[in-house]
Amino acid sequence: MQSLIQLEISRRDLLISSAATVAVSGVAAEAAAQSPGNAMTYTTKISFTINGEIRDLDVDNRVTLLDVLREHLHLTGTKKGCDHGQCGACTVLVAGRRINSCLTLAVMHEGEQITTIEGLGEPGNLHPMQAAFVKHDGFQCGYCTPGQICSSVAVLEEIKADIPSHVTGDLTTQVQLTPGEIRERMSGNICRCGAYSNIVDAITEVAGTKT
Ligand code: FES
Ligand code: FES
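Residues numbered from 1 in each chain as written. Chains lettered and ligands numbered in written order. Predicted model: local features only at pLDDT ≥ 70, side-chain atom pairs only at ≥ 80, totals over all residues. Heavy atoms only, no water.

1. A few points about the nonpolar core
Grouped together as the largest cluster of nonpolar side chains are 23 residues, with contacts concentrated most on L120, M129 and I203. Where this core is concerned, the elements lending two or more residues are helix 3 (117-120), helix 4 (128-135), helix 5 (145-160) and helix 7 (196-206). When residues in this core are grouped by element, the largest group, seven residues, is from helix 5. Split by domain, this core shows at least three residues from each of two domains, domain 1 (2-120) and domain 2 (128-209). In contact with L120, not counting residues within four places along its chain, are L93, T115, H127, Q130, I149, C150 and V153. Membership of the second largest hydrophobic core comes to 15 residues, among which are F48, L57, L65 and V68. (Core = buried A, V, L, I, M, F, W, Y, C linked by side-chain atoms within 4.5 Å. Buried < 20%, exposed > 50% of the residue type's maximum accessible area, 1.4 Å probe, protein only. Helix = DSSP H or I, 4+ residues; strand = E, 2+ residues; numbered from the N terminus. Domains from an automatic or database assignment. Contact = heavy atoms within 4.5 Å.)

Shown next, in the form of structure tokens:
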């Protein structure tokens, strides 16, 4: 029968040799991943429609939709305020619904319809929401404004579609367009210039409840 001391030594040897095996295989895997000519691919061919135009791209799998819009397609109207989903400056519409483009990878949008601020309207042919923001002074520095306007357009669609928000009181009737509903639904779009009350006025006007 083996003594307790012998058992303890064999157990220690086993642990040391397992750790060495893991370390060696880890180094080998890392070397294989980094070796030139490795078959792994890091890019993906995608095709989506931006502002009505089909765009074909070969993008790094890690690139966000926001960076593809700004750095690859030079649509710099969509802004990067935080890159963490906390400010709303990067808001765009995907299939008519608003999303933070900094929180989504471009490769996730194969075949989708994306609308940015450039696609809503342009100088001389403004979208009603853009015109209302100008009329009601809904911005100051303008950095949050593209995101605010994309969000505003989607907010009216959400209310029309009877999608309730956190402050909707009665879930059995059609959602009402109130200043409280607008403020709640726009709370994901930060404006350090403090244009909030004018933004609510602009949205209310477009909704047809204020002239
Ligand atoms: S840049 Fe996307 S939420 Fe701030
Ligand atoms: S207009 Fe300056 S942050 Fe909103």
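2. Observations regarding helix 4
Here helix 4 has its buried residues at M129, Q130, A132 and F133. The buried side chains of helix 4 occupy one side of the element, clustering within an arc of 160° when seen end-on. Counted as exposed and oriented over 90 degrees from the buried face of helix 4: P128 and K135. In this fold, the buried residues of helix 4 make contact with helix 3, helix 5 and helix 7. Just downstream of helix 4, D137 is the residue with a positive phi angle, here 55°. (Arc of directions from axis to C-beta.)

3. Quick notes on the sheet that holds strand 1 (residues 43-50)
Read across the open sheet, the five strands follow the order 2-1-5-3-4; overall the sheet is mixed. Bordering the open sheet on either side are strand 2 (53-60) and strand 4 (97-100), each of which pairs with just one other strand. In this sheet, adjacent strand axes meet at a mean angle of 40° when their direction is disregarded. Relative to strand 5 (residues 113-115), strand 1 runs parallel, the two being bridged by two bridges. Its bridge partner being in strand 5, T49 is matched across the sheet by Q113. (Pairing = 2+ DSSP bridges. Axes fitted to C-alpha atoms, helices over the stretch in contact; angles between N-to-C directions.)

4. A word on a nonpolar patch on the surface
Among the surface-exposed residues, L126, V134 and F139 lie close enough to one another that they form a single nonpolar patch of about 240 Å² accessible area. Residue placement: V134 occurs in helix 4. Judged by its relative accessible area of 48%, V134 is partly exposed. (Patch = residues over 30% accessible without salt bridge, like charges linked within 9 Å, V, L, I, M, F, W, Y side chains within 5 Å. Areas by Shrake-Rupley, 256 points an atom, 1.4 Å probe, with all protein chains shown as cover. Salt bridge = Lys/Arg side-chain N within 4 Å of Asp/Glu carboxyl O.)

5. Some thoughts on the side chain of S152
Within the secondary structure, S152 is located in helix 5. Among the polar contacts listed, one links the side chain of S152 to the backbone oxygen of Q148, at a separation of 2.6 Å. (Polar contact = N/O pair within 3.5 Å; in protein donor to acceptor, adjacent residues only side chain to side chain.)

6. A look at the pairing of strand 3 (residues 91-94)
Here strand 3 shows no split at all, with T91 and L93 on one side and V92 and V94 on the other all buried. Taken together, the four bridges between strand 3 and strand 4 define a ladder with antiparallel strand orientation. Across the sheet, the residue bridging to V94 is R97, located in strand 4. A loop of two residues connects strand 3 with strand 4, the two strands running antiparallel in sequence, and A95 in this loop sits at a positive phi of about 50°. Sheet analysis places strand 3 next to strand 5, joined by two bridges and oriented antiparallel. Of the residues in strand 5, the one forming a bridge with V94 is I114.

7. Some remarks on the pairing of strand 1
Looking at chain direction, strand 1 and strand 2 are connected through eight bridges and run antiparallel. Counted as the bridge partner of I46 is L57 from strand 2. The turn joining strand 1 and strand 2, which pair antiparallel and follow one another in sequence, is formed by two residues; a positive phi near 50° is taken by N51.

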